[in-house]
Each structure stands twice: as structure tokens, then as C-alpha cells.
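Fold and contact review
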Amino acid sequence: GAGVSQSPRYKVAKRGQDVALRCDPISGHVSLFWYQQALGQGPEFLTYFQNEAQLDKSGLPSDRFFAERPEGSVSTLKIQRTQQEDSAVYLCASRGWETQYFGPGTRLLVL
Amino acid sequence: DQQVKQNSPSLSVQEGRISILNCDYTNSMFDYFLWYKKYPAEGPTFLISISSIKDKNEDGRFTVFLNKSAKHLSLHIVPSQPGDSAVYFCAASGGYGNKLVFGAGTILRVKS
């Protein structure tokens with residue numbers, strides 16, 4: 001079956017611009033996670049949804065970061081007024097039973 | 001503080017030999033551990049996992065060992081193949097499906 005998909009794969013934004021990153025999880029997966037991966041580092045947790053409920057957003061670095069999953073499937077991570085330090089790969093994962101399965105990520109470059 | 005550490009940034013192994021990747025953790029609440037493999041420009045791909053109630057889990061060429069007293073786990077790949085060349089991430093969670101805490105990764109290069 002289809003895996004986790006993310007779009008766009010690459011995004012270049014000017015500093016101060018708003019961006020929206022999309023995640024389509026594996027069909028039927030209730031849980032969805034967002035992670036941020038800086039160059040040379042492991043992914044770091046941002047936020048977690050169970051269905052449409054955002055149960056944990058402790059990893060969001062600032063109030064410029066906002067995530068939603070209004071119908072319990074597709075999720076969007078929005079970053080307002082992007083800064084250079086937001087440049088990273090943003091990974092989405094969905095969980096079936098035990099294991100999180102990752103999408104290919106969106107590489108964001110803020111100039 | 002880094003709760004999951006992979007102290008070897010890179011490892012080079014000859015094809016056919018064993019690759020051993022190591023991972024240490026500090027949080028005693030972690031009870032589920034996973035290894036992911038990552039190729040450039042792709043997302044992490046799940047390899048193998050282990051629950052804290054076990055000390056070994058095997059899947060084909062991949063075996064994960066868990067030493068709870070030492071808070072240490074390792075991934076053994078036997079025999080190593082050139083296609084195994086990738087970045088390997090160790091990850092831990094405090095329960096099934098909870099958020100994952102990752103190490104910084106180890107670059108494995110398998111030479112033919």
C-alpha cells in the first residue's frame with residue numbers, strides 16, 4: 001500500500017514568509033507525528049495528533065509554528081514569519097500498531 | 001541533554017563482515033527501541049525494534065540486542081552488504097507509539 005507522502009519535497013522561502021507543509025499519512029493510521037531534522041542531527045519531535053486531536057505540542061519551537069489535522073487524516077504544519085534557523089527537513093510519520101513510518105520529508109530553506 | 005547517544009559518527013566495514021552499531025540512552029523510562037535506516041533525500045525507513053521485556057530480536061540479517069542494566073543497545077548486521085551503506089538512527093520511546101527520541105546517527109559504509 002501507499003506510504004506516508006509529504007509535499008512539497010523542497011521549499012525555498014524568503015525570511016518573513018509564511019509556509020505550509022502537507023502530510024498524507026498511511027490510510028487508517030490514527031496517530032501522526034511531526035519531526036524537525038537539522039543537518040547532521042537526528043529528527044526531533046515537534047507535535048503529535050491522535051485523529052484530529054493534538055495531544056502533544058511540546059516540541060514546537062515557538063508560537064510561529066502551528067499544526068492542524070482537522071479531519072483526522074491529512075495534516076498541515078504551518079510556519080509563520082520564517083527565520084533562517086527554521087531551515088531543516090520536516091518529517092511526518094504515522095503510526096499503525098507499534099511503529100512509526102516516515103514520509104520522505106520536506107526540505108525547507110529560508111534565505 | 002541528549003537522552004539517546006550514538007557515539008560513533010561513522011563506521012566502515014568490509015562486505016560480508018559484521019557491522020555493529022551502538023547506542024546508549026539515559027532515560028530509564030524508555031521501554032521501546034527502534035533502529036531506522038536513512039538514505040540521502042529519503043525519510044527514515046524502519047528496520048527493527050525491541051521492547052524492554054526482551055534482550056534480543058532478530059529479523060533476517062539484522063539483530064538488535066538490549067542491555068537494560070547498561071542502558072545500551074546495539075544493531076548487528078550480518079553479513080554486511082554494500083546496499084546497507086546509509087545513516088542508521090537509534091530511537092527510543094516511553095511507550096508504544098509515543099514520541100521518538102533519536103540519536104544523532106551513525107554513517108555506515110560497507111566496502112565491496
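Attention in this report is confined to the structure presented alongside it. What you are looking at is a predicted structure, and each value in this text was computed from that prediction instead of being measured. (Residues numbered from 1 in each chain as written. Chains lettered and ligands numbered in written order. Predicted model: local features only at pLDDT ≥ 70, side-chain atom pairs only at ≥ 80, totals over all residues. Heavy atoms only, no water.)

Before going further, it helps to spend a moment on the overall build of chain B. Secondary structure summary: chain B contains zero helices and 11 strands in total. Order of helices (α) and strands (β) in chain B, N terminus to C terminus: β-β-β-β-β-β-β-β-β-β-β. Along the longest, intermediate and shortest principal axes, the C-alpha atoms of chain B span 40 × 30 × 20 Å. Each of the 112 residues in chain B was classed as buried or not, and the buried ones make up 45%. Taking the contacts inside chain B whose residues are at least 6 apart along the sequence as the reference set, 54% of them involve residues at least 24 apart. (Helix = DSSP H or I, 4+ residues; strand = E, 2+ residues; numbered from the N terminus. Buried < 20%, exposed > 50% of the residue type's maximum accessible area, 1.4 Å probe, protein only. Contact = heavy atoms within 4.5 Å.)

This part covers the interface of chain A and chain B. On the chain B side, the residues contacting the 21 residues of chain A number 18 residues. Both faces combined, the contact of chain A with chain B buries some 1500 Å², and carbon together with sulfur accounts for 56% of it. Among the residues chain A hides against chain B, the three largest losses belong to P43(A), E98(A) and F102(A). Together they make up 30% of the total. Inspection of the region where chain A meets chain B yields one salt bridge. Run the count over chain A and chain B and you get four residue pairs in polar contact (both at pLDDT 80 or more). Counting only elements with at least two residues in the side of chain A that touches chain B, the list comes to strand 4 (31-37), strand 9 (88-95) and strand 10 (100-102) of chain A. (Buried area = accessible area lost by both parts, 1.4 Å probe. Salt bridge = Lys/Arg side-chain N within 4 Å of Asp/Glu carboxyl O. Polar contact = N/O pair within 3.5 Å; in protein donor to acceptor, adjacent residues only side chain to side chain.)

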